[in-house]
Amino acid sequence: MEKTDLHELRKDPLLGRWVAVLGQPKAPSDYAISPATDNEGSCILCAGREKETAAEIMSLSGGNESKTWATRVIPNFVPVFRVEGELWRRGDGMYDKMNSIGANEIIIESPEHSVRPEDKGLDQMSKVIRTYRERMIDLEKDPRLRYTLIYKNSGKEAGAVYSHPLSHLASTPVIPKRVREELDGAKEYFAYKERCIFCDIIREELRVGSRVILETRHFISFCPYASKFPFESWIVPKRHCCAFQDIDREEIEDLALILSSVLKKLRTAFPGLAFNYFIHSAPNRMPRKDHWHTLGEDFHWHMEIMPRLMRTSGFEWGSGFYILPTSPEHASKYLREV
Ligand SMILES: [Zn+2]
Ligand SMILES: [Zn+2]
Ligand SMILES: [Zn+2]
């Protein structure tokens, strides 16, 4: 095989899904699962070690009493996507590929190594949400990028490499398949009923009540009717809005409250829990020829929290069919009561 620095996106011709092939290939021995090596002493994400990371993209101040930042954004250490260059979409025999253009950032959620934002208080969690919002607004301006996903890996089983509290951001030149499926489903429902499916789900969950974990002034958290994983929990804004970055000041404070509460409930129910969460927002709303015309009406941003309580088996991989050992009604009851 010729030696090249691959680093490209390839399209699966059967499923229409893109995969990112990294440069510097890993040998089989590089996949050995190593024990977590980072600790407070060796962590360069902690406050006071700013010079040891790449130049900062943005930060929010800790306020008057604090001598340091509250949140800080830096480029990812091992980027999957590269910021510089052109997409250069092209054929490769029968296949399609393009350059791996995009952005990968690390959002450091706390200056202290062992203080999580949900434990530090609502002001810190509000700043984390404001940081997410500012990065989304900034990246939406890049016409090469179609989508920005903000996600969190907490705990080794959830893919976390660092134990410092952080989230990730990945901006991609294509809309991820999972998001496209949601956009298509929402669009189809809207075409049929002329109503937003998420607004209908909120009304139904509030009417039935048995899957609701928590309700605040502007948000509702519930275990979805057909969850994929036990204790899967969603947070959805009551105000219809397709894009997370359009969240207002009052909603930021309210989201900080409900997100902190749900995370604390999950951690109380499952000490040492590993989980992922992500924000599903509209694709970058740049005018394009294949733009969704009804996107503003049919899509509704939301957060999905996925506790990693079970390993995915051959059945799930092979069928895309999920088995729930705890019903969403039982899961939400446990979470309401902890
Ligand atoms: Zn640290
Ligand atoms: Zn809606
Ligand atoms: Zn979603």
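About the criteria used
- Position numbers for residues count from 1 along each chain, tracking the sequence in the order it is written.
- As a convention, the first chain written is A and the first ligand written is 1, with the rest following in written order.
- Per-residue local features are limited, in this predicted model, to residues with pLDDT of at least 70; the limit for side-chain atom pairs, both in listing and counting, is 80 or more; totals at the level of whole chains, interfaces and linings are taken over all residues.
- Heavy atoms from the whole structure form the basis of all side-chain values; hydrogens and water molecules are not counted.
- Cysteine sulfur atoms are paired as a disulfide whenever they fall within 2.5 Å.
- Residue burial is assigned from relative accessible area. The probe radius is 1.4 Å, only protein chains are included, and a residue is buried under 20% of its type maximum, exposed over 50%, and partly exposed in between.
- Two strands qualify as a pair provided DSSP detects at least 2 bridges between them.
- Strands are runs of DSSP state E lasting at least 2 residues, helices are runs of H or I lasting at least 4, and numbering of each runs from the N terminus.
- In this analysis an axis means a line fitted to C-alpha atoms, helices contributing only their contacting stretch, and an angle means the value between N-to-C directions, from 0 to 180 degrees.
- For Na, K and Ca the donor cutoff is 3.2 Å, while for all other metals N, O and S atoms must lie within 2.8 Å; water is not among the atoms, so some sites may look incomplete.
- Think of it this way: with four donors and all angles in the 85 to 135 degree range, the site is tetrahedral; with four or six donors, opposite ones beyond 155 degrees and the rest between 65 and 115, it is square planar or octahedral; otherwise it is irregular.
- Only residues above 30% relative accessible area that lack a salt bridge enter a patch, with like-charged residues linked at up to 9 Å and the nonpolar side chains Val, Leu, Ile, Met, Phe, Trp and Tyr linked at up to 5 Å.
- Surface accessibility follows the Shrake-Rupley procedure with a 1.4 Å probe radius. Residue values consider only the protein chains on display as shielding.
- Salt bridges, as used here, are contacts in which a Lys or Arg side-chain nitrogen is within 4 Å of a carboxyl oxygen on Asp or Glu.
- As used here, the term nonpolar core means buried Ala, Val, Leu, Ile, Met, Phe, Trp, Tyr and Cys residues forming a set that is joined through side-chain atoms within 4.5 Å.
- Only heavy atoms matter for contacts: two residues are in contact if any of them lie within 4.5 Å across the pair.
- Using only the protein atoms, space was sampled on a 1 Å grid; points where a 1.4 Å probe fits but cannot get out form cavities, open sets with protein on both sides within 12 Å along at least five of seven lines form pockets, and lining residues are those with an atom within 4 Å of a point.
- Grid points are joined across faces, edges and corners, and a volume is the space filled by probe spheres set on the points.
- Following the grouping adopted for this structure description, the nonpolar residues are Ala, Val, Leu, Ile, Met, Phe, Trp, Tyr, Cys and Pro, the charged ones are Asp, Glu, Lys and Arg, and the polar ones are all others, Gly among them.
- What sets the label is the angle itself: under 35 degrees gives roughly parallel, over 145 gives roughly antiparallel, 65 to 115 gives roughly perpendicular, and the rest give oblique.

**Quick notes on the state of the cysteines**
So, step 1. Evaluated as defined, the whole model comprises 0 disulfides.
So, step 2. Lacking any disulfide linkage, C241 is separated from the closest cysteine sulfur, that of C242, by 5.8 Å.
So, step 3. In this structure C241 comes out as buried when scored by relative accessible area, which is 7%.

**Structural notes on the sheet that holds strand 6 (residues 95-99)**
So, step 1. If you walk across this open sheet you meet the 4 strands as 2-1-6-5, and the pairing is antiparallel. Two strands bound the open sheet, and with one partner strand each, they are strand 2 (18-21) and strand 5 (90-92). Put simply, the sheet's adjacent strands are angled 35 degrees from each other on average, direction ignored.
So, step 2. Pairing of strand 5 with strand 6 involves 3 bridges; the strand directions are antiparallel. Pairing of G91 across the sheet is with D96, part of strand 6.

**Concerning the coordination of the zinc ion (ligand 1)**
Geometry sets the ideal angles at a metal, namely 109.5 degrees for four tetrahedral donors and 90 or 180 degrees for six octahedral donors.
So, step 1. Protein coordination at the zinc ion (ligand 1) comes from C43 (SG), C46 (SG), H113 (ND1) and H164 (ND1), with a distance range of 2.1 to 2.3 Å.
So, step 2. Taken together, the 4 donor atoms coordinating the zinc ion (ligand 1) and their angles of 102 to 118 degrees define a geometry best described as tetrahedral.
So, step 3. In primary-sequence terms, the residues that donate to the zinc ion (ligand 1) follow C-x2-C-x66-H-x50-H. A residue pair is termed long-range when its members are at least 10 positions apart, and C43 in the loop between strand 2 and strand 3 (58-61) and H164 in the loop between strand 8 (147-154) and strand 9 (166-172) qualify at 121 residues. Each member of the pair, C43 as well as H164, is classed as buried.

**What to know about a nonpolar patch on the surface**
So, step 1. A contiguous nonpolar surface patch, about 370 Å² in accessible area, is contributed by F77, V78, V161 and Y162.
So, step 2. Checked against the element boundaries, Y162 lands in the loop between strand 8 and strand 9.

**Some words on the nonpolar core**
So, step 1. Counting 40 residues, the largest nonpolar core has I235, F244, L255, W301 and I305 as its most contacted members.
So, step 2. Elements with a contribution of two residues or more to this core: strand 3, strand 7 (103-108), helix 2 (122-139), helix 5 (249-269), strand 13 (275-280), strand 14 (302-307) and helix 8 (328-337).
So, step 3. Per element, the largest residue contribution to this core is 8 residues, and it comes from helix 5.
So, step 4. When near neighbours in sequence (up to four residues on either side) are disregarded, I305 contacts F231, E232, S233, I235, L259, V262, L263, L266, F275, N276 and Y277.
So, step 5. Core analysis: the next-biggest nonpolar cluster, separate from the first, contains 19 residues, Y147, C196, I202 and L295 among them.

**Concerning the layout of surface pockets**
To find leftover empty space, a probe the size of one water molecule is rolled over the atoms.
So, step 1. By volume, the second largest pocket amounts to about 480 Å³.
So, step 2. Taken together, 18 residues make up the lining of the second largest pocket; nearest its centre are E182, I197, F198, I201 and W234.
So, step 3. Among the secondary structure elements, those contributing two or more residues to the lining of the second largest pocket are helix 3 (177-193) and helix 4 (197-208).
So, step 4. In the lining of the second largest pocket, the residues fall into 9 nonpolar, 2 polar and 7 charged.

**Let's talk about the packing of helix 3 against helix 4**
So, step 1. Direction vectors running N to C along helix 3 and helix 4 enclose 80 degrees, while the axes themselves pass 9 Å from each other. The angle between helix 3 and helix 4 places the two elements in the roughly perpendicular class. When helix 3 is examined against helix 4, the residues E182, A186 and Y189 are found in contact with a partner set consisting of I197, F198 and D200.
So, step 2. Classifying every residue of the contact of helix 3 with helix 4 gives 4 nonpolar, no polar and 2 charged.

**Comments concerning the coordination of the zinc ion (ligand 2)**
So, step 1. The zinc ion (ligand 2) binds to the protein through C196 (SG), C199 (SG), H240 (ND1) and H300 (ND1), with metal-donor distances spanning 2.0 to 2.3 Å.
So, step 2. If you look at the zinc ion (ligand 2), its 4 donor atoms make angles of 107 to 112 degrees with each other, and the shape they trace is tetrahedral.
So, step 3. Sequence spacing of the donors to the zinc ion (ligand 2): C-x2-C-x40-H-x59-H. Taken together, the residues span a long stretch of sequence, with C196 in the loop between helix 3 and helix 4 and H240 in the loop between strand 12 (233-237) and helix 5 at a distance of 44 residues.
So, step 4. Judged by its relative accessible area of 6%, C196 is buried.
So, step 5. H240 sits in the partly exposed class, given a relative accessible area of 28%.

**Some points on the sheet that holds strand 9**
So, step 1. Taken together, 10 strands build an open sheet; the order of strands is 3-4-7-9-8-13-14-12-11-10 and the sheet is antiparallel. Two strands bound the open sheet, and with one partner strand each, they are strand 3 and strand 10 (212-215). Direction aside, the axes of adjacent strands within the sheet are offset by 15 degrees on average.
So, step 2. In this sheet, strand 9 lies alongside strand 8 in antiparallel orientation, the contact comprising 5 bridges. Looking across to strand 9, one finds that I150 is bridged to L169.

**Notes on the pattern of salt bridges**
So, step 1. In total, this model carries 28 salt bridges according to the counting rule given.
So, step 2. Taking the shortest distance from any N to any O, the salt bridge between E304 and R178 comes out at 3.0 Å. Residue E304 is found in strand 14, and its partner R178 is found in helix 3; the two are separated by 126 residues along the sequence.
So, step 3. Taken together, the shared-partner salt bridges in this structure form one network comprising E8, R10, D92 and K97.

All quantities given are derived from atomic positions and should not be read as evidence of function.
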